[in-house]
Amino acid sequence: SGTVLRVPLDHPSVTNAQTVVPAAEDFVEGIVPTAHRLYVLGHWGGPSDVRVFDLQGHEQSRIPVPPVSAVNALVSLDGDDVIYQSESYLTPAAWFRFDPASGKTERTNLFMRPAADFSDAEVVREFATSKDGTKIPVNIIRRKGTKLDGKNPTLLTGYGGYAISISPTYDVNVRVWLDQGGVFAEANLRGGAEFGDDWHRAGMLTNKQNVFDDFAACAEHLIKAGYTNSSRLAILGGSNGGLLMGAELTQHPKLFRAVASSVGIYDMLRDELSPNAVFNVTEFGSVKDSIQFRALYAYSPYHHVVDRTAYPAVLFLTGANDPRVNPMHSRKMTARLQAATSSGLPVLLRTSSNSGHINASLNERIERTADIYAFLLHELGVSLKP
């Protein structure tokens, strides 16, 4: 969870450390000392909070950040005031000033103007129960008054790897999905660091299957809670999240109607033969280790495509110049699925010569996003609204 310690400068040793702030439920991301205060930036499963202590470790207050929001930066000013940058799924990043004496927060003139209005939307944070009983947060963005009748076109995304915490982020593309009557959901899966190092370790190496179980549990939760059904559920992911998409569609082909998977790794047995993929061994494991080999093979998407299986509609995306994930993964997976599927639904490959792994020009990002959303909405049977 994270503990804040005080160490004497004349004897800087952990054995001489004094606990100032004991471990709590949140995961400590950083501390900022001021003249008479200690600000502790915490991460609780994705969203952030900031607790304010005196220098003896007595909690004084909390910065009143909005629920389900992220604090991306925290900087001390003169005295005990601080400024911090915050954003949410509904509001873009802005800098705020906090006065601990009054407990008030004021937005500064350093803010991004919203590219879209989300005043008709709301965020609810719910928890799915994974296969082993672990509670998995899923953040749901929906229009106010959304009916839980099981018919909403719903898009679920996730990542779950490399100790990368998925925090609330303002994304104007979500507005497009909401305007078509949809619900958008983002899961905080194991493999990230949303709850600290243990959360990461529970989703890496031979524990990687936990990530896939977590995501499937979130999808099932959305169905059980009445947001959607399998014929109206789409999933989206890229890079390590592309591997997630490959594992989900091969392990749960009936759970989703459409899948968009970008620059993913699908052949886990040959991945480390690529120059850059050698650096993935610490996260996924190596085929040279017999135990790790068995774990890799057990979920490797390419090796678990089964002939005459009714797979969902799939759009694979890759960059011809991707230096991090060899485009052969997307090509092989597309060909294998096209040969195997019995659903009659399309399995398509979009290759761009103007992009690499994730980064691309603005024009390319717009075209790519338009293709993804057009594909998913079409496959979910959504009649586009102006």
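First, a word on what this report is: a plain description of the structure on this page. Being a predicted model, the structure only gives us computed values, none of them experimental. (Residues numbered from 1 in each chain as written. Predicted model: local features only at pLDDT ≥ 70, side-chain atom pairs only at ≥ 80, totals over all residues. Heavy atoms only, no water.)

### Observations concerning unusual backbone geometry
Moving on, step 1. Even without glycine at this site, Tyr-162 takes up a positive phi of about 60°.
Moving on, step 2. Its location among the elements puts Tyr-162 in the loop between strand E13 (154–157) and helix H1 (172–179).
Moving on, step 3. Since its relative accessible area comes to 30%, Tyr-162 is described here as partly exposed.
Moving on, step 4. Of note, the phi angle at Arg-308 is positive, near 60°, even though the residue is not glycine.
Moving on, step 5. Within the secondary structure, Arg-308 sits in the loop between helix H6 (290–299) and strand E17 (313–319).
Moving on, step 6. Relative accessible area serves as the criterion here: at 71%, Arg-308 is assigned to the exposed category. (Helix = DSSP H or I, 4+ residues; strand = E, 2+ residues; numbered from the N terminus. Buried < 20%, exposed > 50% of the residue type's maximum accessible area, 1.4 Å probe, protein only.)

### Some thoughts on the pairing of strand E9 (residues 94–99)
For a regular strand, the rule is simple: side chains alternate between the two faces of the sheet.
Moving on, step 1. Residues Ala-94, Phe-96 and Phe-98 point to one face of E9 and are all buried, whereas Trp-95, Arg-97 and Asp-99, pointing to the other face, are not buried.
Moving on, step 2. Sheet topology places strand E8 (residues 82–88) next to E9; five bridges connect them, and they run antiparallel. Note that in E9 the partner of Gln-85 across the bridge is Trp-95.
Moving on, step 3. Counted between consecutive antiparallel strands, the loop separating E8 from E9 contains five residues.
Moving on, step 4. The pairing of E9 with strand E10 (residues 104–111) spans five bridges and is antiparallel. Across the sheet, residue Arg-97 finds its bridge partner in E10, namely Glu-106.
Moving on, step 5. In this antiparallel pair of consecutive strands, E9 and E10, the connection spans four residues, and Gly-103 shows a positive phi of 75°. (Pairing = 2+ DSSP bridges.)

### Some points on helix H8 (residues 362–379)
Moving on, step 1. Helix length check: H8, at 18 residues, gives a terminal C-alpha distance of 26 Å against a target of 26 Å (1.5 Å per residue), a fit within 8%.
Moving on, step 2. In this structure, the buried side of H8 is in contact with E13, H1, strand E15 (233–238), strand E16 (258–262), E17 and strand E18 (347–352).
Moving on, step 3. Note on H8: the residue one or two positions beyond its end, Gly-381, has a positive phi of about 75°. (Expected span 1.5 Å × (residues − 1). Contact = heavy atoms within 4.5 Å.)

### Details of helix H4 (residues 240–251)
Moving on, step 1. The terminal C-alpha atoms of H4 lie 16 Å apart, and with twelve residues this matches the ideal 16 Å at 1.5 Å per residue to within 8%.
Moving on, step 2. For H4, the tally of buried residues reaches eleven of twelve residues, placing the bulk of the element in the interior.

### Observations concerning the sheet that holds strand E4 (residues 37–43)
Moving on, step 1. Pairing in this open sheet of four strands is antiparallel, and the strands run E3-E4-E5-E6 from one edge to the other. If you trace the sheet from one side to the other, it starts and ends with strand E3 (27–33) and strand E6 (59–62), each paired once. Pairs of neighbouring strands in the sheet enclose a mean axial angle of 25°, with direction left out of account.
Moving on, step 2. With six bridges connecting them, E3 and E4 associate as antiparallel partners. Looking at the pairing, Phe-27 lines up with His-43 of E4. (Axes fitted to C-alpha atoms, helices over the stretch in contact; angles between N-to-C directions.)

### Re the packing of helix H3 (residues 209–224) against H4
Moving on, step 1. Between H3 and H4, the least distance of the axes is 10 Å, while the angle of their chain directions is 70°. Regarding the angle of H3 to H4, the classification is roughly perpendicular. By crossing handedness, the relation of H3 to H4 is classed as right-handed. Along the contact surface, H3 presents Gln-209, Val-211, Phe-212, Phe-215 and Ala-216, while H4 presents Leu-243, Leu-244, Met-245, Ala-247, Glu-248 and Gln-251.
Moving on, step 2. Class assignment of the residues belonging to the contact of H3 with H4 gives a composition of eight nonpolar, two polar and one charged. (Parallel < 35°, antiparallel > 145°, perpendicular 65-115°, else oblique. Left-handed = near helix turned anticlockwise from the far one by under 90°. Nonpolar A, V, L, I, M, F, W, Y, C, P; charged D, E, K, R; others polar.)

### As for the packing of aromatic side chains
Moving on, step 1. A full pass over the atoms with the stated rule returns twelve aromatic pairs.
Moving on, step 2. A centroid spacing of 5.5 Å and a plane angle of 75° characterise the contact between Phe-118 and Tyr-170, whose relative ring orientation is edge-to-face. Remark: Tyr-170 occurs in the loop between E13 and H1 and Phe-118 occurs in the loop between E10 and strand E11 (121–129); sequence separation between them is 52 residues. Neither residue differs from the other here; Phe-118 and Tyr-170 are each classed as buried.
Moving on, step 3. Among the aromatic side chains, those forming a connected cluster through ring pairs are Trp-44, Phe-127, Phe-195 and Trp-199.
Moving on, step 4. If you follow Arg-107 out to its NZ or CZ, it ends over the ring of Phe-111, 3.7 Å from the centre.
Moving on, step 5. The lysine or arginine in question, Lys-332, covers the ring of Tyr-302, its NZ or CZ lying 4.4 Å from the ring centre. (Phe/Tyr/Trp six-rings, centres within 6.5 Å; stacked < 30°, edge-to-face > 60°. Lys NZ or Arg CZ within 6 Å of the ring centre and 35° of its normal.)

### Observations concerning the packing of H1 against H8
Moving on, step 1. At their nearest, the axes of H1 and H8 sit 12 Å apart, and the two run at 25° to each other. Judged by the inter-axis angle, H1 sits roughly parallel to H8. Where H1 crosses over H8, the handedness of that crossing is right-handed. Contacts between H1 and H8 involve Asn-173, Val-174, Val-176 and Trp-177 from the first element and Thr-369, Tyr-373, Leu-376 and Leu-377 from the second.
Moving on, step 2. When the residues that make up the contact of H1 with H8 are grouped by side-chain class, the tally is six nonpolar, two polar and no charged.

### Comments concerning the nonpolar core
Moving on, step 1. Counting 46 residues, the largest nonpolar core has Ile-140, Leu-156, Leu-189, Phe-215, Cys-218 and Leu-337 as its most contacted members.
Moving on, step 2. At eight residues, H3 tops the list of elements feeding residues into this core.
Moving on, step 3. Dropping the residues within four chain positions of it, Ile-140 is found in contact with Glu-122, Val-123, Val-124, Glu-126, Val-183, Phe-184, Ala-185, Leu-222 and Tyr-227.
Moving on, step 4. Formed by 27 residues, the second largest nonpolar core is a distinct cluster that contains Tyr-170, Ala-260, Ile-372 and Tyr-373. (Core = buried A, V, L, I, M, F, W, Y, C linked by side-chain atoms within 4.5 Å.)

Keep in mind that these numbers describe shape and distance, not what the molecule does.
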